[in-house]
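# Analysis of the macromolecular model
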Amino acid sequence: PTESQWEYACRAGTTTALNSGYNLTNTTSDAHMEEVGRYLYNGGSGYTQNGDTSAGTATVGSYLPNAWGLYDMLGNELEWCLDWYAPAVTGGTDPKGPPSSSTGERVRRGGSYDSPASSSRSAFRWKQFPYNAAPTYGFRLAKNQP
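A quick note: this is a predicted structure, and the numbers were derived from the prediction, not measured. (Residues numbered from 1 in each chain as written. Predicted model: local features only at pLDDT ≥ 70, side-chain atom pairs only at ≥ 80, totals over all residues. Heavy atoms only, no water.)

### Here we look at the overall build of the protein
Counting its regular elements, the protein contains 2 helices and 4 strands. Its helices and strands taken in sequence order, the protein reads α-α-β-β-β-β from the N to the C terminus. Its C-alpha radius of gyration of 15 Å places the protein within 12% of the 15 Å reference for a compact globule of 146 residues. Its C-alpha atoms put the protein at 40 × 35 × 35 Å along the principal axes. The proportion of buried residues among the 146 residues of the protein is 40%. By sequence separation, contacts in the protein at least 24 residues apart represent 62% of the contacts at least 6 residues apart. Accessible area for the protein stands at about 7900 Å²; split by element, carbon and sulfur atoms hold 53% of it. The averaged location of the 13 negative side-chain charges in the protein is 7 Å from the averaged location of its 11 positive side-chain charges. (Helix = DSSP H or I, 4+ residues; strand = E, 2+ residues; numbered from the N terminus. Rg over C-alpha atoms; globule rule 2.2 N^0.38 Å. Buried < 20%, exposed > 50% of the residue type's maximum accessible area, 1.4 Å probe, protein only. Contact = heavy atoms within 4.5 Å. Areas by Shrake-Rupley, 256 points an atom, 1.4 Å probe, with all protein chains shown as cover. Lys, Arg positive; Asp, Glu negative; His and termini not counted. Charge placed at Lys NZ, Arg CZ, Asp CG, Glu CD.)

Below you can see the structure in the form of structure tokens.
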């Protein structure tokens, strides 16, 4: 999805920091964040690649879905978006990102298992070069409705 499509789907009609309707009460470790996604302070530290879900990424659906039934929009893995990075995206209800990036970076959203609560909120956005790979990077498939 584009960055604006990702945020629209993540928020599911909410305007709060988290898609559960709650705001963060602590930017590092927050009980409300623990309900909706894996992040640094609820099992995210100590990543392993052997399938042990007690640390690192969580099994899909381990946390509460948002109001539209979408799981894992916050925390777990930063999700790549289609858009190139710009400091701000403006322009209506479904703004498009820039056609290119002077730095060559794309947008990532949602926070990850090794991020604090403040980086795992609905409005959090980051940038990265698309050729970089890491265990904290993922993506979400989206399908246009006919």
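### Section: the environment of Phe129
Of note, Phe129 is situated in the loop between strand E3 (125-128) and strand E4 (137-139). Relative accessible area serves as the criterion here: at 26%, Phe129 is assigned to the partly exposed category. Distance from Phe129 to Gly61, taken between C-alpha atoms, is 28 Å for residues 68 residues apart in sequence. In this structure, Phe129 is in contact with Trp80, Thr103, Gly104 and Glu105, ignoring residues within four places of it in sequence.

### Comments concerning the environment of Thr25
Topologically, Thr25 is positioned in the loop between helix H1 (3-11) and helix H2 (31-36). Sequence separation between Thr25 and Pro98 is 73 residues; the distance between their C-alpha atoms is 34 Å. If near-sequence neighbours (up to four positions away) are discounted, Thr25 is found in contact with Asp30 and His32.

### Overview of the sheet that holds E4
Reading across the sheet, the 4 strands line up as E3-E2-E1-E4 and stay open at both edges, with mixed pairing between neighbours. A strand with exactly one partner marks an edge of an open sheet, and here the two such strands are E3 and E4. Within this sheet the neighbouring strands show an average axis-to-axis angle of 45°, counted without direction. The sheet contacts of H1 involve strand E1 (78-84), strand E2 (106-109) and E3, and relative to E1 the element is tilted by about 140°. (Pairing = 2+ DSSP bridges. Axes fitted to C-alpha atoms, helices over the stretch in contact; angles between N-to-C directions.)

### A few points about the pattern of salt bridges
Any two side chains of opposite charge can pair, on the condition that their charged atoms come close. Taken as a whole, this structure holds 5 salt bridges when the rule is applied. In this structure, the salt-bridge partner of Arg109 is Glu7, at a minimum N-O distance of 2.7 Å. One end of the pair, Arg109, is in strand E2; the other, Glu7, is in helix H1, and 102 residues separate them in sequence. (Salt bridge = Lys/Arg side-chain N within 4 Å of Asp/Glu carboxyl O.)

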